[in-house]
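# Structural features, examined
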Amino acid sequence: MRIATAILIFVLVSCKNDVKSKDDLVKLKTEVQQNELEIYDYEGLKPYLNTSSEKTYVVNFWATWCAPCVKELPYFEQLNTDYSDKNVEVILVSLDFPKKYETTLKPYIKDKKIKSKVIALNDTDSNSWIPQISEEWSGAIPATLIYNKDKRQFYERTFTYDELETEVKQFLN
Amino acid sequence: MKTLKTFFACLAVVMLSSFNSTGVGNGYEVGDIATDFNLKNIDGKMVSLANYKDAKGFIVIFTCNTCPYAVAYEDRIVELDKKYASKGYPVIAIMPNNTDVKPGDNMEAMKKRAKEKGFTFPYLMDEGQKIYPQYGATKTPHVYLLQKTKKGNVVKYIGAIDDNYQDADAVKTKYVENAVDALLSGKEIKETETRAIGCTIKV
């Protein structure tokens, strides 16, 4: 984000004789954001797994190489769009290998025009963090955590859009 | 009457969801007796645990060609077999995926991969996918360490090979090696169950 701001300031300063339209700047900012990938270890991911707000979060654990994950990804994207006005946010936690971030993950996010927030989890000591995310999780992906401040539920399974919607509705009052 | 109906409906939902939600809870736990099998190896021969008269136990690993996590462990699986087969704990690899869903895991592909990587151990096809559900494997790679006893092959450890799937050189704890070493020296296994990210078994 800081880099994005720096680039924006740079663009603003360097373009003072050639003032760009606001739309151009917004577009530029979006491009910068898309090219950046947030990478965390489990400690860094933790804040995304709990909330005190009114929002319901749908956290999907996936990877570009995981066929069933990629198959259900559009449903999560659709959910994020359809339920944005119902205070639901989708977070896609990628378990791609770090060496694939540039060559596979980032191009995938760009090509598929992924709108949901994508976080790359890079923490090899999975035995310590898998049970913290859910005692029920054997470690297989896809896996999904749905939670709000009152309730949380973990799913080691795949979803259709209807199934996903049914689960999320149980979290909305 | 209506209440009763509702009660049973809820009960059904709860029961269904508990079956559905996860692979954990099904399959073997540490201490259970593991089933033997008779599965086809990449050399065309059938392999059973009972064939290994001199073995003290087995490092059974559900693995495949197509999962990046499994691929990341191939060399380490070969090393496990080299280190422990002679000590009585050979590796037995089983490919659990439905090959209609994952043609990259079919018998021809398994043969090719085993040759490329120099597999020194059997690489078996779970034909009909009957064995992995009995063990309770949910992903590849997924290890079951068995110790041969008079009662049968007892499950002594379930889980990951070590604590770093990305980099073999950065591993801090070698779960499987520690477990086999403990069995070989008659000590108690410290960590009997671990978890790691893996690819779901394709059905």
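Residues numbered from 1 in each chain as written. Chains lettered and ligands numbered in written order. Predicted model: local features only at pLDDT ≥ 70, side-chain atom pairs only at ≥ 80, totals over all residues.

## Focus: the overall build of chain B
- Within chain B, the secondary structure is distributed over 6 helices and 10 strands.
- Scored against the burial criterion, the 203 residues of chain B give a buried share of 41%.
- Within chain B, counting contacts between residues at least 6 apart in sequence, those at least 24 apart form 74% of the total. (Helix = DSSP H or I, 4+ residues; strand = E, 2+ residues; numbered from the N terminus. Buried ≥ 20, exposed ≤ 12 C-beta atoms within 10 Å, placed from the backbone. Contact = placed C-beta atoms within 7 Å.)

## Quick notes on the overall build of chain A
- Broken down by element type, chain A carries 7 helices and 7 strands.
- Helices and strands appear in chain A in the N-to-C order α-α-β-α-β-α-β-α-β-α-β-β-β-α.
- Within chain A, buried positions represent 28% of all 173 residues.
- The long-range share in chain A, meaning contacts at least 24 apart out of those at least 6 apart in sequence, stands at 69%.

## Regarding the packing of helix α4 (residues 67-82) of chain A against helix α7 (residues 161-169) of chain A
All names here are of chain A.
- Where α4 contacts α7, the two axes come as close as 9 Å, and the packing angle between them is 45°. The angle between α4 and α7 places the two elements in the oblique class. Where α4 crosses over α7, the handedness of that crossing is right-handed. Contacts from Y75, Q78 and L79 of α4 reach α7 at Y161, L164, E165 and V168. (Axes fitted to C-alpha atoms, helices over the stretch in contact; angles between N-to-C directions. Parallel < 35°, antiparallel > 145°, perpendicular 65-115°, else oblique. Left-handed = near helix turned anticlockwise from the far one by under 90°.)

## Remarks on the interface of chain A and chain B
- At the junction of the two partners, chain A supplies 19 residues and chain B supplies 20 residues.
- No other element matches the 4 residues that helix α6 (residues 126-133) of chain A contributes to the side of chain A that touches chain B.
- Among the residues forming the side of chain A that touches chain B, the class breakdown is 10 nonpolar, 5 polar and 4 charged.
- As judged from the 2 bridges shared by strand β5 (residues 140-141) of chain A and strand β10 (residues 198-200) of chain B, these two strands associate in the parallel manner. The residue bridging A140 of chain A from the neighbouring strand is G198 of chain B, located in β10 of chain B. (Nonpolar A, V, L, I, M, F, W, Y, C, P; charged D, E, K, R; others polar. Pairing = 2+ DSSP bridges.)

## Concerning the sheet that holds strand β3 (residues 46-47) of chain B
Residues and elements named next belong to chain B.
- An order of β1-β9-β8-β4-β5-β6-β2-β3 is seen for the 8 strands of this open sheet, with the pairing classed as mixed. The open sheet has two edge strands, β1 (33-34) and β3, and neither has a second partner.
- Here strand β8 (residues 142-148) runs beside strand β9 (residues 153-159); their pairing, made up of 6 bridges, is antiparallel. Pairing of V143 across the sheet is with G159, part of β9.
- The strands touched by helix α3 (residues 74-84) are β4 (57-62) and β5 (91-95); relative to β5, the strand with the most contacts, the crossing angle is about 150°.

## Overview of the confidence of the model for chain B
Residues and elements named next belong to chain B.
- Residues at a pLDDT of 70 or more form 88% of chain B, whose mean pLDDT is 91.
- This stretch, residues 10-24, has a pLDDT under 50; its non-local contacts, to residues over four places away or in other chains, come to 14 contacts.
- Scored by ipTM, the complex comes to 0.78, with pTM at 0.81. (pLDDT = per-residue confidence, 0-100.)

## Focus: the pairing of strand β4 (residues 117-121) of chain A
Residue and element names in this part refer to chain A.
- When strand β1 (residues 38-40) meets β4, the two strands line up parallel, connected through 3 bridges. In the sheet register, Y40 faces β4, and the bridge partner there is L121.
- For the handedness criterion, the β-α-β arrangement of strand β3 (residues 88-94), helix α5 (residues 101-111) and β4 is classed as right-handed. (Right-handed = clockwise from strand over helix to strand, strands pointing away.)

## Overview of the environment of K106 of chain A
Residues and elements named next belong to chain A.
- For K106, the position within the fold is in helix α5.
- The exposure class of K106 is partly exposed, given the 19 C-beta atoms found within 10 Å.
- In this structure the C-alpha to C-alpha distance between K106 and D150, which are 44 residues apart in sequence, comes to 34 Å.
- Filtering out sequence-adjacent residues up to four positions away, K106 remains in contact with L37 and Y101.

## A few points about the sheet that holds β5 of chain A
- Strand order in the open sheet formed by 3 strands is β5(A)-β10(B)-β7(B), and the pairing between neighbours is mixed. Edge strands, defined here as strands with exactly one partner in the open sheet, are β5 of chain A together with β7 (139-140) of chain B.

## Points about the nonpolar core
- Core analysis: the largest hydrophobic core is formed by 86 residues, its most contacted members being I141 of chain A together with I59 and V176 of chain B.
- Setting aside residues up to four positions removed in sequence, V176 of chain B forms contacts with I59, L80, V143, L145, Y157 and I161 of chain B. (Core = buried A, V, L, I, M, F, W, Y, C linked by C-beta atoms within 7 Å.)

## Considering the environment of S134 of chain A
Residues and elements named next belong to chain A.
- With respect to the helices and strands, the residue S134 is situated in the loop between α6 and β5.
- For the pair S134 and T56, spaced 78 residues apart in sequence, the C-alpha separation works out to 17 Å.
- Leaving out residues up to four positions away in the same chain, S134 has contacts with L145 and F154.

## Topic: the confidence of the model for chain A
- Model confidence for chain A is summarised by a mean pLDDT of 87, while 80% of its residues fall at 70 or above.
- For residues 8-20 of chain A, every residue scores under 50 in pLDDT, and the model assigns this stretch 6 contacts once sequence neighbours within four places are set aside.

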